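Coordinates in review
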Amino acid sequence: MDRVSAFDEPLKKLLGGATAKVMAEHLDLHTVGDLLHHYPRRYEERGRLTALADLPLDEHVTVVAQVADARILMFNNGRGKRLEVTLTDGNGRLQLVFFGHGVHKPHKELLPGRRAMFAGKVSVFNRKMQLAHPTYQLLDVTDADEATEAVDAFAGRLLPIYPACKQLDSWRIAKAVDTVLPSAREAVDPLPPALREGRGFAPLPEALLKVHRPQTKADIAQARDRLKWDEAFVLQVALARRRYADTQLPAVARRPTPGGLLDAFDAKLPFTLTEGQQKVSREIFDDLATEHPMHRLLQGEVGSGKTMVALRAMLGVVDAGGQAAMLAPTEVLAQQHHRSITEMMGELAEGGMLGGSEQGTKVVLLTGSMGVAARRQALLDLVTGEAGIVIGTHALIEDKVQFHDLGLVVVDEQHRFGVEQRDALRSKGKQPPHLLVMTATPIPRTVAMTVFGDLETSVLDQLPAGRSPIASHVVPAKDKPHFLSRAWERVREEVENGHQAYVVCPRIGDDADDEAAGKKTKKKAPEDDGDKRPPLAVLEIAEQLAKGPLAGLRIEVLHGRMNPDDKDDVMRRFAAGDVDVLVATTVIEVGVNVPNATAMVIMDADRFGVSQLHQLRGRVGRGSAPGLCLLVSEAHEASPARARLSAVAATLDGFELSRIDLEQRREGDVLGQAQSGVRSSLRMLTVIDDEEVITAAREEAVAIVAADPELGQLPELRIALDALLDKEREQYLDKG
């Protein structure tokens, strides 16, 4: 077998079709290399019982424990039987339950005193933790004839516990790994020898053997250090190559004309920019003045004035004879940006129109649901150069959209746009346009380096003068119903004082919504905790409020499935003060700016992520009156969900919250497939804990790419890159 193909060998050749099929479908493992990079999640020490007390609910777990007792119970007048087994580890207890025909084998085997590995999904029944129909493997068979391979394999060893699934337990995965482990010797080592020796890392084949079959804890630590570094390093090389390729591209330098549109706009501003806005603007204008495309990430707190910074950059580019496009993730947000930008610019946004300024330009909106005539006019204004600024959704990326001279692309809310979409829009320029990416979710530095490593970063961390503080409180609706009544009184008080309020719900509550919810609940297993109600819905809550605690107030609803004109109409009337309370889904999460809205009540707040709650809260307190955000939840006081809400209530620092968010959610959720799919390959690296590894890997990667951009001297590293970035991703890297 040659060095490359050993890892590319399909699993079905070695493991048989059925096992390979489950691995492909449920664990996304297709080749020998995939399985060798499917690392154990943790290790059990033979002879040590697992802590049953801290098992996570609703997760597939593997435990090693001892049978305390087992009994068969009859039900349905003796027609049905179930086996209940109690496990112990000396501290905690866990119940197993088997039904029907499934009770015979475990009843014979799971005798008090026996030890075994058990795997299953943790659920709650009658307030007790249980595993229903777990699979298991005995570890302490005493009879010599019965001594299985399993016991030999596990005796005196550190047992690897693999990320598993319902269809395939950890120990079956361990067996499969044993089959392919000899191929680890064929591993192609991506690290340049000088770097590997300089940092004292084990060779890759040795690290793979040690991570799967360690003899000692030192083996595990040594293997992890090496494999973590590989992940960070290969990813940073990919990003460094992308950055390098970008610096080689030509771009038109865009320098604002003195006395032009930007100066006219600045002269109209009723306030001065914050120091942060001025500093970030300087960084952006320096980039725009070079003959290579700018690639900059602008991240800032909710309400730190990112839109103002982006608008000034766009005006500078229009001054220099180019056009600027702003890409927003939703139609509501695109319309909102269009409205606020035309308001900020005044007559400067009416170039070529009666009453418009001579220095002005045209600002057009382009979304998927526009009427044919309006769309045709917008497209015409873009291709002739009549419109200097266009704001739109991904309708802007379509083939039909042609620009006269696209100079700058601003992408709002980056986490909703993948790299491919950025590239599609950038290909619209005669030469690659400059790129500014804005995100309102503050990103810890490590994540920025890992996810946005191809972008330079600017941070806005001070709020503009005149922004008010927001008080946040958790409202425990189940334990203290009178707190919820008080919350609605507070909303009424805000409205009586001339202000407005938002009420946010996780669900819409229309037919399509209920159908989807029905499908979800049907899938529930019979032993699941069935009393979890569906999330609260906009349409139901709006009706309850109008008849009950907020009767007499002007209440409107807003959600994603409304007709775009109706959405816009509701938003306009809310902005104009003609609506007291807006009951909405998260469509209001970003970019919505109504300074008179001072209160927000978030229903079922535990159903939202930390960053999302922070985003939503940022919609209030945008004017001179203080903001109030009430997080309503029925979650139990000791639950992780309540801890998350308390963390949000305790701080307004988005960077701190994004750290908490990252610690609580799995890396994959945060880094997301949407970026490019690359991050799904992080198996050993935890971005939040491995800052030093990422920083060092980035420095090494930059030096290597600067010296040898094509990696001609490092064929092994090229192979590793190809594995990380399959063909399609490799193309977008090359496309730059």
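Refer to the structure above for everything that follows.
Let me sum up the structure you'll find in this document.

Analysis parameters
Residues numbered from 1 in each chain as written. Predicted model: local features only at pLDDT ≥ 70, side-chain atom pairs only at ≥ 80, totals over all residues. Heavy atoms only, no water. Helix = DSSP H or I, 4+ residues; strand = E, 2+ residues; numbered from the N terminus. Buried < 20%, exposed > 50% of the residue type's maximum accessible area, 1.4 Å probe, protein only. Salt bridge = Lys/Arg side-chain N within 4 Å of Asp/Glu carboxyl O. Phe/Tyr/Trp six-rings, centres within 6.5 Å; stacked < 30°, edge-to-face > 60°. Expected span 1.5 Å × (residues − 1). Arc of directions from axis to C-beta. Contact = heavy atoms within 4.5 Å. Polar contact = N/O pair within 3.5 Å; in protein donor to acceptor, adjacent residues only side chain to side chain. Axes fitted to C-alpha atoms, helices over the stretch in contact; angles between N-to-C directions. Parallel < 35°, antiparallel > 145°, perpendicular 65-115°, else oblique. Left-handed = near helix turned anticlockwise from the far one by under 90°. Nonpolar A, V, L, I, M, F, W, Y, C, P; charged D, E, K, R; others polar. Patch = residues over 30% accessible without salt bridge, like charges linked within 9 Å, V, L, I, M, F, W, Y side chains within 5 Å. Areas by Shrake-Rupley, 256 points an atom, 1.4 Å probe, with all protein chains shown as cover. Lys, Arg positive; Asp, Glu negative; His and termini not counted. Charge placed at Lys NZ, Arg CZ, Asp CG, Glu CD.

Now for the side chain of Arg622. Topologically, Arg622 is positioned in the loop between helix H22 (610-617) and strand E21 (627-633). Taking relative accessible area as the criterion, Arg622 reaches 16% and is therefore assigned buried.

Turning our eyes to something else, we now look at the pattern of salt bridges. Opposite charge on two side chains permits them to pair, given that their charged atoms come into close proximity. On inspection of all chains with the given rule, the structure shows 34 salt bridges. Arg226 is paired through a salt bridge with Asp189; the nearest N and O atoms lie 2.7 Å apart. Here Arg226, found in helix H10 (residues 217-248), pairs with Asp189, found in the loop between helix H7 (170-180) and helix H8 (193-198); they are 37 residues apart in sequence, far enough to count as distant. An identical accessibility class is assigned to Arg226 and Asp189; each is buried. With its nearest N and O atoms 3.2 Å apart, the salt bridge here joins Arg199 to Glu700.

Under the defined criterion, the tally for this structure stands at five aromatic pairs. When the centroid spacing of 6.4 Å and the interplanar angle of 80 degrees are considered together, the rings of Phe98 and Tyr136 count as edge-to-face. Taken together, the residues span a long stretch of sequence, with Phe98 in strand E4 (residues 93-99) and Tyr136 in strand E7 (residues 135-138) at a distance of 38 residues. Plain terms: the ring middles of Tyr502 and Phe574 are 5.0 Å apart, the flat faces sit at 55 degrees to each other, and that makes the pair tilted. With a gap of 72 residues between them, Tyr502 in strand E17 (residues 500-504) and Phe574 in helix H21 (residues 564-575) connect regions that are remote in the sequence. Like Tyr502, the residue Phe574 is buried in the burial classification. Members of the aromatic cluster, each reached through a chain of ring pairs, are Phe98, Phe118 and Tyr136.

So, on to H21. In a regular helix each residue adds 1.5 Å, so 12 residues correspond to 16 Å; H21 covers 16 Å between its end C-alpha atoms and thus fits that length. Those residues of H21 lying buried are Lys567, Asp568, Val570, Met571 and Phe574. Buried residues of H21, viewed axially, fall in a sector of 160 degrees; they line one side. Elements that come into contact with the buried residues of H21 comprise helix H14 (331-345), E17, strand E18 (555-558), strand E19 (581-584) and strand E20 (597-602). The backbone nitrogen of Asp565 lies 2.7 Å from a side-chain oxygen of the residue at the head of H21, namely Asn563. At the exit of H21 stands Gly577, carrying a positive phi of roughly 90 degrees.

The next point concerns the packing of H10 against helix H26 (residues 691-707). Closest axis-to-axis distance for the H10/H26 pair is 8 Å, and the angle between their directions is 45 degrees. Taken as axis vectors, H10 and H26 run oblique relative to one another. For the crossing formed where H10 meets H26, the hand is right-handed. The residues of H26 that touch H10, namely those facing Lys228, Trp229, Ala232, Phe233, Gln236, Val237, Ala240, Arg241, Arg243 and Tyr244, are Val693, Ile694, Ala696, Ala697, Arg698, Glu700, Ala701, Val702, Ile704 and Val705. Considered class by class, the residues forming the contact of H10 with H26 number 14 nonpolar, one polar and five charged.

A cluster of acidic residues, Asp653, Glu656, Glu663 and Asp689, forms a negative patch on the protein surface. Note on placement: Asp689 falls in the loop between helix H25 (667-671) and H26. With a relative accessible area of 56%, Asp689 lands in the exposed category.

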